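# Per-entry structural report
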Amino acid sequence: MNFSPFGLLLLLLLAAPLTAQAPFDEVTANEAPTATAVRFSEGITLDGKLDELEWQNGQPARDFWETFPTDRQHSAYPTEIYFGYDDQNFYVAALCRTPGNKYIIPSLRRDYRAGGNDNITFVLNPFRDKTNAIVFGMNPYGVTREALIYNGGESTDDFREEWDNKWRGESYIGDGYWSCEMIIPFSSLRFPSGAAEWFFNSYRMDTQSNTRSTWHRIPQNQTIMSLAYMGALRFEGGAPQAQGKNLVLIPYAGGSMRRDYQAETPTDFDGNVGGDAKVGIGSGLNLDLTVNPDFSQVEVDQQVINTTRFEVFFPERRQFFLENADLFGSFGFERANPFFSRRIGVTRDTTTGEGLQNPIYFGARLSGKLTDDLRVGLLNMQAAHNRDQGLPSFNYTVAALQQRVGARSNVGGIFVNKQNFTNFSDSTETNADFNRVVGLDYNLATRDNAWNGKTFVHRSFSANEGGDDYTHGLNLEYRHRNWNVQYDHIYVGEDFNAEVGFVPRRGYFSSGVEAARIDYPKNPNVITKGPFTELRAFFQPGDGLTDRTGSVGYEWRYANTSELSLGGGYNYIYLFDDFDPSRTGATPLPGNRGYGAWAGFLNYRSDRRRKFSTEFSVDAGQFFNGQSYGVAGNLQYRYQPFGSIDLRVSYSYLDLPEPYASTALFLIGPRIDFTFSKSVFLTTFLQYNDQIDNINVNARLQWRFAPVSDFFLVYTDNYDSLDFGVKNRSLVAKVTYWLNL
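Residues numbered from 1 in each chain as written. Predicted model: local features only at pLDDT ≥ 70, side-chain atom pairs only at ≥ 80, totals over all residues. Heavy atoms only, no water.

## What about the overall build of the protein chain?
Counting its regular elements, the protein chain contains three helices and 40 strands. Relative to the compact-globule value of 27 Å for 741 residues, the protein chain shows a C-alpha radius of gyration of 26 Å, a close match. Along the three orthogonal principal directions, the C-alpha set of the protein chain runs to about 75 × 65 × 50 Å. When contacts within the protein chain are restricted to residue pairs at least 6 apart in sequence, those whose partners lie at least 24 apart make up 60%. Across the protein chain, the 68 positively charged side chains and the 85 negatively charged ones have centroids separated by 4 Å. (Helix = DSSP H or I, 4+ residues; strand = E, 2+ residues; numbered from the N terminus. Rg over C-alpha atoms; globule rule 2.2 N^0.38 Å. Contact = heavy atoms within 4.5 Å. Lys, Arg positive; Asp, Glu negative; His and termini not counted. Charge placed at Lys NZ, Arg CZ, Asp CG, Glu CD.)

## Examining the pairing of strand β15 (residues 268-281)
As defined by bridge partners, strand β14 (residues 247-260) adjoins β15 across 12 bridges and the pair is classed as antiparallel. Of the residues in β15, the one forming a bridge with Y252 is G274. Linking β15 to strand β16 (residues 285-291), which pair antiparallel, is a turn of three residues; within it G282 sits at a positive phi near 70 degrees. (Pairing = 2+ DSSP bridges.)

## Things to note about the nonpolar core
One finds I81, F83, F90, F122 and L189 to be the most contacted residues of the largest nonpolar core, which totals 35 residues. Residue assignment for this core shows that the elements contributing at least two residues are β1 (34-39), β3 (79-85), β4 (89-97), β5 (119-125), β6 (133-138), β10 (177-185), β11 (197-206) and β13 (231-236). With near-sequence residues (within four places) excluded, L189 lies in contact with L124, I134, F136, I184 and W198. With 29 residues, the next largest nonpolar core counts F328, F333, A336 and Y396 among its residues. (Core = buried A, V, L, I, M, F, W, Y, C linked by side-chain atoms within 4.5 Å. Buried < 20%, exposed > 50% of the residue type's maximum accessible area, 1.4 Å probe, protein only.)

## Things to note about the environment of F295
Along the polypeptide, F295 turns up in the loop between β16 and α3 (325-329). Distance in space between the C-alpha atoms of F295 and R459 is 32 Å, their sequence separation being 164 residues. Excluding residues within four positions of it along the chain, F295 makes contact with R318, F320, F321, I360 and K734.

## Considerations on the pattern of salt bridges
One pass over the full model with this rule turns up 36 salt bridges. Residues K418 and E499 are paired through a salt bridge, measuring 3.1 Å at the closest nitrogen-oxygen approach. Taken together, the residues span a long stretch of sequence, with K418 in strand β22 (residues 409-419) and E499 in the loop between β26 (483-492) and β27 (508-517) at a distance of 81 residues. Overall, the relative accessible area of 4% leaves K418 in the buried class. For E477, the salt bridge goes to R479, with nearest N and O atoms at 3.2 Å. The network of salt bridges with common partners includes R110, E146, D164, R704 and D710. (Salt bridge = Lys/Arg side-chain N within 4 Å of Asp/Glu carboxyl O.)

## Regarding the side chain of S107
Here S107 lies in the loop between β4 and β5. There is a polar contact of 3.1 Å between the side chain of S107 and the backbone nitrogen of R109. Apart from residues no more than four positions distant in its own chain, S107 is found in contact with V143, P641, F642, G643, D673 and T675. (Polar contact = N/O pair within 3.5 Å; in protein donor to acceptor, adjacent residues only side chain to side chain.)

## Quick word on the state of the cysteines
Enumeration over the complete set of coordinates arrives at zero disulfides. Take C96: it sits in no disulfide, and the sulfur closest to it among the cysteines is that of C180, at 5.9 Å. Using a relative accessible area of 0% as the deciding quantity, one classes C96 as buried. Classification of C180 by relative accessible area gives buried; the value is 0%. (Disulfide = S-S within 2.5 Å.)

## As for empty space enclosed by the protein
All chains considered together, the criterion is met by six cavities of 30 Å³ or more. By volume, the second largest cavity is sized at about 410 Å³. Secondary-structure elements contributing two or more residues to the lining of the second largest cavity are β6, β7 (144-149) and β19 (360-369). At three residues, the largest contribution of residues to the lining of the second largest cavity is made by β19. A breakdown of the residues in the lining of the second largest cavity according to their chemical character gives 11 nonpolar, 12 polar and eight charged. (1 Å grid on protein atoms, 1.4 Å probe; cavity = no way out; pocket = protein on both sides within 12 Å on 5 of 7 lines; lining within 4 Å. Points joined across faces, edges and corners; volume = space filled by probe spheres on them. Nonpolar A, V, L, I, M, F, W, Y, C, P; charged D, E, K, R; others polar.)

## Re the packing of aromatic side chains
Enumeration over the complete set of coordinates arrives at 40 aromatic pairs. Where F136 meets W167, the ring centres are 5.1 Å apart and the plane angle is 75 degrees; that geometry is what we call edge-to-face. Pair noted here: F136 is in strand β6 and W167 is in the loop between β8 (159-160) and β9 (168-174), with a separation of 31 residues, a long-range link. Residue class for F136 comes out buried when judged on its relative accessible area of 2%. With a centroid separation of 4.8 Å and 40 degrees between ring planes, the pair formed by W451 and Y478 is classed as tilted. With W451 in strand β24 (residues 451-462) and Y478 in strand β25 (residues 470-480), the pair connects residues that are 27 residues apart, well separated along the chain. (Phe/Tyr/Trp six-rings, centres within 6.5 Å; stacked < 30°, edge-to-face > 60°.)

This is how it looks when you write it as structure tokens:
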């Protein structure tokens, strides 16, 4: 195969100028700023107005740097952040200047995403490791959010807004500014007791001036939530002390009615009680306990059309598993992960091989900081048996350690054990009585975040000992103002078996290189532009080179926040077994032969500040022994501030020669988000997926009647898309209450 287009692209990359920006003082711009928090003698009136004189006693965080549309000047509309504390609470307030008072607020729902609307975010890193942080945020209408940042904040996957905790905040809109105040109990934070300095940063979105800004300057080639760039927050008047009493109980009660129409069973009425507990141990450790947990209120996954040979990944959304989730779940690579918490309680149907979700009896998880540099995690869960399917009750145990090395790097180890302790086993041997994985990882992150990487080696153990049961991987990424270059490789043994992990493919070695050139043109309408390329090859032991891909493209990012990229590439796949890419039961493509295909693509995202916005991708070209045409994306309308309608569509047409599948695969998923107030939210999710012949309706009403305490009403319906017959239907009611003791 001739890769001459890629060679031409590399020549163009090397010929590009190394800089396109006027020089300025990089040293001064990258100096870590400082602010102070002062001890308050009295609390505050939480109204968002900053009219207490005590706010003025400390040194605020000010002089924000723009990170969009440029990163080489201070923001023209200042932001000032003030800090205070007493024995029980941490206080934060912000004053945000604006060109006017026409704010963009998508809805009144908690835990909004920051892009495309007005808001400010506060990032706390009390342990000063620049690896994990706690996030609090607010917008001009007083809508709040909290989240966790993992792994240094290197990608959007490291931001988890599902995390919840107890705190309060209010905002106020004035003439040419808006302001906010927050009261965060120290009992809601994990921090080193007696530490006189925390790391802190903040980022702000202002839609009227069309700017994004941060307190510590963050270069444009880094993510806006990168923890490599943190200022210092110093406590004057005595360092805060960890709370001596830190115990939270979160009981729940629920009821449901369900009916399986396909099995023609009567309606099943059920009631349930259980709860969680959070126990603070010292200043950095947290013990989470759960008895008879219930996750019925968790929002459904967004379905996808899958024309690949492998399983699709869906992220964890269950609250119990989220705090310090990276400590357990970030080992290995995304597609060679030894522990994936969504596997807990899941066994395999001995008849169909499909996954079954079993109830969980109880669980415990100890996680957090043992010292400033050492993180520990220990998790144990006991799942129920399923005698109807002949499936035993499994126990899941995970132990993890992570020791910081240098400024931001770390070395970690993990042990995962799935064990059947009963005398009742799966006679079909679909589920073995035990499965174990041990692993060692090293994560590289330099002080300035120019170099990032990882290397690991893992081994699995199961009843059938022997064979190739190892996996190993390495990746290394270099980030320069004008370059992003990455190399990675991974080997997964044919017998590597991580039943509690996510490993969709085994028995291969893959290696790849990605490179992107970033230029900053003088055209004020274009923020950055540049070419990118990716080359990847797959090898199978004993068979040599099997699959290979190569692509080139060009990307533009515009001043109005829209983005455009286009390109094309070549993909070669060798099928060892017959495969139906439509996954509809059609005649499969024959195995033991290779398929090469050329295709092109275009991706576009519009200005998200508009009431109507869109994001879509188009691809067309060869596909195995035929052709494929696809479009996917969404169209969103914002009816501020009450919510939005997000219409998500995916369409693929596979045009294969007879007798193979020539079919259109269509998925449409409108999501209607309506907020009656800042405490009552209704989300209705409709999903039509003709690849699996299913129509799903999921309506979720949430009433937050007290801090971190909710009432949920969830209605779910599944229909057959061919005849619209009802498959199953359920209605669930659940109430939870957060109780500090």
